[in-house]
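# Observations on the model geometry
Listed below are the residues making up each chain.
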Amino acid sequence: MTPRFFADLLAILFVISTTLHARQPNLVLILADDLGYRDVGFNGSKHIPTPHIDSIAAEGVRCTSAYVTFSVCAPSRAGLITGRYPQRFGFEHNTRWLRDDIREGLPLSETTIADALGKSGYHNGLVGKWHLGAHPDLLPLERGFDEFYGIPGGGSLYLPGKHGIEDIETVKNEYHSYRLWMLRGDTPEKPEKYLTDVFSDEAVDFVKRNKDKPFFLFLSYNAPHGPLQATEKYLSRFKHIKNKDRRTYAAMVSAMDDGVGRVLAEIDSAGLEEDTLVFFLSDNGGASSNASSNFPLRGYKSSVFEGGFRVPFAVKWPGEIPQGRTYEKPVSSLDIFATIAAASGAKEDPERPLDGVDLVPFLTGKNTGSPHETIFLRKIQQNAFAVRSGSHKMVIPKDEGKPLLFNLDTDIGEKSDIADANPKILADLEKRRSERNGELIDPVFGPGVTGPPDTRRKKKKD
Ligand code: CA
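Residues numbered from 1 in each chain as written. Predicted model: local features only at pLDDT ≥ 70, side-chain atom pairs only at ≥ 80, totals over all residues. Heavy atoms only, no water.

## Describing the coordination of the calcium ion
The condition that has to hold: The donor definition counts N, O and S atoms within 2.8 Å of each metal and applies 3.2 Å to Na, K and Ca; water is not among these atoms, so some sites may look incomplete. Square planar and octahedral assignments, for four and six donors respectively, both demand that opposite donors be over 155 degrees apart and that all other angles lie between 65 and 115; tetrahedral needs four donors with all angles between 85 and 135 degrees, and anything else is irregular. Under the scheme used here, helices are H or I runs from DSSP no shorter than 4 residues and strands are E runs no shorter than 2 residues, and both carry numbers assigned from the N terminus. Between buried and exposed lies partly exposed: a residue is buried under 20% and exposed over 50% of the maximum accessible area for its type, with that area taken using a 1.4 Å probe on protein chains only.
Within the protein, the atoms that donate to the calcium ion are Asp 33 (OD), Asp 34 (OD), Cys 73 (SG), Asp 283 (OD), Asp 283 (OD) and Asn 284 (OD1), at distances of 2.2 to 2.6 Å. Between the six donor atoms coordinating the calcium ion, the angles at the centre fall across 54 to 162°, so the site counts as irregular. Ordering the donors of the calcium ion by residue number gives the pattern D-D-x38-C-x209-D-N. With a gap of 210 residues between them, Cys 73 in helix α3 (residues 73-82) and Asp 283 in the loop between β9 (276-282) and α8 (306-309) connect regions that are remote in the sequence. For the pair Cys 73 and Asp 283, one class covers both residues: buried.

See below:
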């Protein structure tokens, strides 16, 4: 068979595939921030009703073993938006607020979901938190998004009247940036309502304005990340919770749930429900500081135990994946890019291969294998690792402590170390750790990285 034959065959296959996906689905990615594994109804929350978030699971699939690539915000988001382990490109710390150092954020060499979708004709919007670099060339409009409304850094105060900084150039540091006005594109705009409500309004408006074309909406709530702040409208729903922090946290989650409900209702009323793929997850586990619950998991945000990086995760796509199914095999936030690419026809950059897989065949049951042979986490600053394969997980706590081994099928809370009795399993996991680790590079920014700031600017197109 000649190369020409293969070229013709590929052309025919391409026509068939584009015919099968005649309509590009709308894509909605909803990300919560530091939301506890237990703090959604679909994972058993008794304290905080989340009927709208739960509807994504009820009308789709909830994944009980869903992992993100890092147990704090920014590296996890870098993994999500590129579909690649962030340690492949040196993104292994939260970004600091550095407007004049282009190393501090998502390298320009990486392709975002929005970059790929833009080339496939999608209109891309980000509402909410970015946190992938405050340098002007690293902000969302430079990374494939056609629209941006939200927070360039890692968080914000929530209550109206608290945002006192209009000029982005006067922000002194990450913490100070919590007082910055929102950005609409490049223009500062003062939020006039409770911030979670503002983001929900913006997301609803985005769907309204773009319902006639294929769109990608990344609704990136900063809730329920600290500071714990909520309005009486939401606090009044939780008068029975005595602990003030827990009450406020519950109110913040409830506000987000209302917003998710409004976005889903707008999609329905636009007649787009059948053609819309919706993901919901958290960027990392609940934090010890925000009164969240990761029960029955061990540990919190920042940990290599399950509570750090196993997150609430639900996905729906009516007509394409089943309704009301629970999927227990490990999946990853890395799979979102690959799933979206397969659903939309967006292309993977061959120079930057994705680490995730298209989840649809697994969620439908067409593929009965495992999406991932290995789930991996490295936190180089602490020399800490987690490696899961099947039901077993090796944990190397910080500073290369003795490896621990758990069977998550029988011990989801990682209480009983069975390393001494299972040297073969431990050796297999260590081999997987070593192989993956060998593919990664050292951090390109953050503590320990020296050298003068890289103050270069990207060349603007004329
Ligand atoms: Ca987070």
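## Section: the sheet that holds strand β1 (residues 26-32)
Here is the rule we go by: Pairing between strands requires that DSSP locate at least two bridges from one strand to the other. Under this scheme, a helix contributes an axis fitted over its contacting stretch, all axes are lines through C-alpha atoms, and angles between N-to-C directions fall in the 0 to 180 degree range. Two residues qualify as a contact provided that any one of their heavy atoms is within 4.5 Å of a heavy atom in the partner residue.
Spatial ordering of the open sheet is given by β7-β6-β5-β4-β8-β1-β9-β10-β2-β11, a layout of 10 strands whose pairing is mixed. Since the sheet does not close on itself, it has two edges, and those belong to β7 (187-189) and β11 (325-327), each with one partner. Averaged over all neighbouring strand pairs, the angle between strand axes comes to 15°, with direction disregarded. Sheet topology note: the strand β2 (residues 61-63)/strand β10 (residues 313-316) ladder contains two bridges and is antiparallel. Bridge pairing in β10 links Arg 62 to Ala 314. Against the sheet, helix α9 (residues 335-344) touches β1, β8 (215-220), β9 and β10, its axis set at about 175° to β9.

## Side note on the packing of aromatic side chains
For clarity, the cut-off: By convention, a stacked pair of Phe, Tyr or Trp rings (six-membered ring in the case of Trp) has centres within 6.5 Å and planes under 30 degrees apart, an edge-to-face pair has planes over 60 apart, and any other such pair is tilted.
Enumeration according to the criterion identifies 15 aromatic pairs in this entry. Consider the rings of Trp 130 and Phe 145, whose centres lie 6.2 Å apart with planes at 85°: the pair is edge-to-face. Remark: Phe 145 occurs in the loop between β4 (123-129) and β5 (147-151) and Trp 130 occurs in the loop between β4 and β5; sequence separation between them is 15 residues. Under the relative-accessibility criterion, Trp 130 is labelled buried at 2%. Consider the rings of Phe 206 and Phe 215, whose centres lie 5.7 Å apart with planes at 90°: the pair is edge-to-face. Judged on exposure class, the residue Phe 206 and its partner Phe 215 are both buried. Here the aromatic residues Trp 130, Phe 145, Phe 216 and Phe 218 are joined through ring pairs into a cluster of three or more.

## Concerning the environment of Arg 84
Looking at the secondary structure, you find Arg 84 in the loop between α3 and α4 (113-119). Residues Arg 84 and Leu 354, 270 residues apart in the sequence, show an inter-C-alpha distance of 5.3 Å.

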